[in-house]
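Chain and residue survey
The chain contents come next:
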Amino acid sequence: MSFNIAIDGPAGAGKSTIARKLAEKISFIYVDTGAMYRAMAYYFLTHQIDAGDEAALRAACDEIRIELVYENGVQKVILNGRDISGEIRKEEVGNMASATSGYPFVREKLLSLQQDLAARNDVIMDGRDIGTCVLPEAQLKVYLTAGVSTRAKRRYKELLEKGVPCDLREIGKDIEERDYRDMHREIAPLKAAEDARFLDSSEMDIDQVVDAIYQLAVEAGLS
């Protein structure tokens, strides 16, 4: 039987970085659900489809093929045969993903693939609704969070290191807006599963968070 770890939480909490490092530590497959939603958002943006045009978004879903592949231990996101791993981390892609991920047809496009992967493999999956909707039977569910100011500073530093011009105040505002959208969308809103373990990373570094979740996994039965 596979062992599944679900990590949920708001934008900028460090879910993807933590999940990747933990997956490497315990030799699990990391399923980047956020990257999958971002891949769809990237398709919508590059085809100039408005986030509010439900009919056009629905029709576009039929044209989208997404694969997660590993090359030399590095996960790559393939959209319709093209590697877009470097494109999907842009702010506008993240905002489009947040604005469109609540549509049922967008979720349905990806849900069966995610659940099939988890049924066949030991996986770590992170997102907004993994413990509540995607993997409700996961052996460990973690709700990873951090204060808005902490998340904004982390994102600001990340963008500066990449040479991307940015404004800390605007980043904080974007994070607050995305939190509100994610928590109030009709389909699969961001919330902690009833049996999730809360972990606030505001005063923790990456390795401390990885170790904390690893200990929770051991307590949940990871051998």
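Quantities reported herein were computed from a predicted structural model and do not represent experimental measurements. (Residues numbered from 1 in each chain as written. Predicted model: local features only at pLDDT ≥ 70, side-chain atom pairs only at ≥ 80, totals over all residues. Heavy atoms only, no water.)

Strand order in the open sheet made by the 3 strands is β3-β4-β5, with antiparallel pairing throughout. On the outer flanks of this sheet lie β3 (66–71) and β5 (82–83), each paired with one strand and no other. Helix α2 (residues 33–46) rests against β3, β4 (74–79) and β5 of the sheet, and its axis sits at about 35 degrees to β4. (Pairing = 2+ DSSP bridges. Helix = DSSP H or I, 4+ residues; strand = E, 2+ residues; numbered from the N terminus. Contact = heavy atoms within 4.5 Å. Axes fitted to C-alpha atoms, helices over the stretch in contact; angles between N-to-C directions.)

Spatially, 5 strands are ordered β2-β6-β1-β7-β8 in an open sheet, and the strand pairing comes out parallel. The open sheet has two edge strands with one neighbour each: β2 (29–32) and β8 (197–200). Across the sheet, the mean angle from the axis of one strand to that of its neighbour is 20 degrees, orientation sign disregarded. Running over the sheet, helix α5 (residues 104–120) touches β1 (4–8), β2 and β6 (123–127) and is turned about 150 degrees from β6.

This paragraph deals with helix α7 (residues 148–161). Taking 1.5 Å per residue, 14 residues should reach 20 Å; α7 reaches 20 Å between its end C-alpha atoms and fits that length. For α7, the complete set of buried residues consists of Thr150, Arg151, Ala152, Arg155 and Leu159. Each element contacted by the buried residues of α7 is listed here: α4 (91–100) and α8 (168–184). (Expected span 1.5 Å × (residues − 1). Buried < 20%, exposed > 50% of the residue type's maximum accessible area, 1.4 Å probe, protein only.)

This model, assessed by the stated rule, comprises 16 salt bridges. Across the pair arginine 120 and aspartate 116 runs a salt bridge, and its minimum N-O distance is 3.0 Å. Taken together, the residues span about one helical turn, with arginine 120 and aspartate 116 both in helix α5 at a distance of 4 residues. Overall, arginine 120 belongs to the exposed group, its relative accessible area being 53%. Here the salt bridges share partners, and the residues they tie into one network are Glu91, Arg155, Glu158 and Lys162. (Salt bridge = Lys/Arg side-chain N within 4 Å of Asp/Glu carboxyl O.)

Here the focus is the pairing of β3. Looking at chain direction, β3 and β4 are connected through 6 bridges and run antiparallel. Bridging across to β4, valine 69 finds its partner in lysine 76. A loop of 2 residues connects β3 with β4, the two strands running antiparallel in sequence, and asparagine 72 in this loop sits at a positive phi of about 55 degrees.

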